[in-house]
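The chain contents come next:
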Amino acid sequence: LKGLLKQGDDLEVRAYAAYVLALDGERVVPDIERFVRDDRLSPSARFHIAAAYALNGDLSMAKAIFEMDLPEGLIQRQLGGNLNSDVRQDAVMLSALVSSFPNHPLVPRLTDRLIGQIKNGRWLNTQENGFALMALGKLAKHMRSAGDTHTAVVIVDGKKIARAGKEQISTF
């Protein structure tokens, strides 16, 4: 990952490498300074960079990046490379944000956008399902550790089949 961060051609990969290395405690700020202002950075890459800054202790730079406007409208679904899509991008941004600023005001907005893209009880493909569930799981874990007492209800074919609360899971 260190090699990809320093010399990779793909800005998405470099930003993700910085984020993963920062999660592991590596100091990555000097490396991301080389490309943080590149206009070709996607929103999800910017959020990975912001989370890397936060994890490296530079909260003011992280907040400045997170304060940029969220992209509105549909992005072109990629059929190659990292297979980017609206769902993947929103999930990546939510995951990075929850990693560093779980109470940031963008968290509910990104969560609503992500949930709003569910069609027929799921997202379009396995990658979108994986990224979305990972981000929402990370948010749920934070909420639980913060003492939130939200309840989830599982509905299949219009019928409630289970409910999960803070301490219990019930089936119907």
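1. Here we look at helix H6 (residues 86-100)
Over its 15 residues, H6 extends 22 Å from the first C-alpha to the last, a length consistent with the 21 Å expected when each residue adds 1.5 Å. Burial analysis of H6 places 14 of its 15 residues in the buried class, the great majority of the element.

2. Notes on the environment of Ala 162
Within the fold, Ala 162 resides in strand S2 (residues 159-164). Distance in space between the C-alpha atoms of Ala 162 and Ala 152 is 8.3 Å, their sequence separation being 10 residues.

3. Remarks on the nonpolar core
One finds Ile 32, Ile 49 and Tyr 53 to be the most contacted residues of the largest nonpolar core, which totals 43 residues. Those elements that place two or more of their residues in this core are helix H2 (11-23), helix H3 (29-32), helix H4 (43-55), helix H5 (59-66), H6, helix H7 (106-116) and helix H8 (126-145). Ranked by residue count, the leading element in this core is H4, at 8 residues.

4. Topic: the pattern of salt bridges
Enumeration according to the criterion identifies 5 salt bridges in this entry. Here Arg 113 ties to Asp 90 by a salt bridge, and the two come within 2.7 Å at their closest N and O atoms. A residue pair is termed long-range when its members are at least 10 positions apart, and Arg 113 in helix H7 and Asp 90 in helix H6 qualify at 23 residues. Here the salt bridges share partners, and the residues they tie into one network are Lys 6, Asp 31 and Arg 34.

Each value, and the rule that gives it
Residues numbered from 1 in each chain as written. Predicted model: local features only at pLDDT ≥ 70, side-chain atom pairs only at ≥ 80, totals over all residues. Heavy atoms only, no water. Helix = DSSP H or I, 4+ residues; strand = E, 2+ residues; numbered from the N terminus. Expected span 1.5 Å × (residues − 1). Buried < 20%, exposed > 50% of the residue type's maximum accessible area, 1.4 Å probe, protein only. Core = buried A, V, L, I, M, F, W, Y, C linked by side-chain atoms within 4.5 Å. Salt bridge = Lys/Arg side-chain N within 4 Å of Asp/Glu carboxyl O.

Any link to function would need more than the numbers given here.
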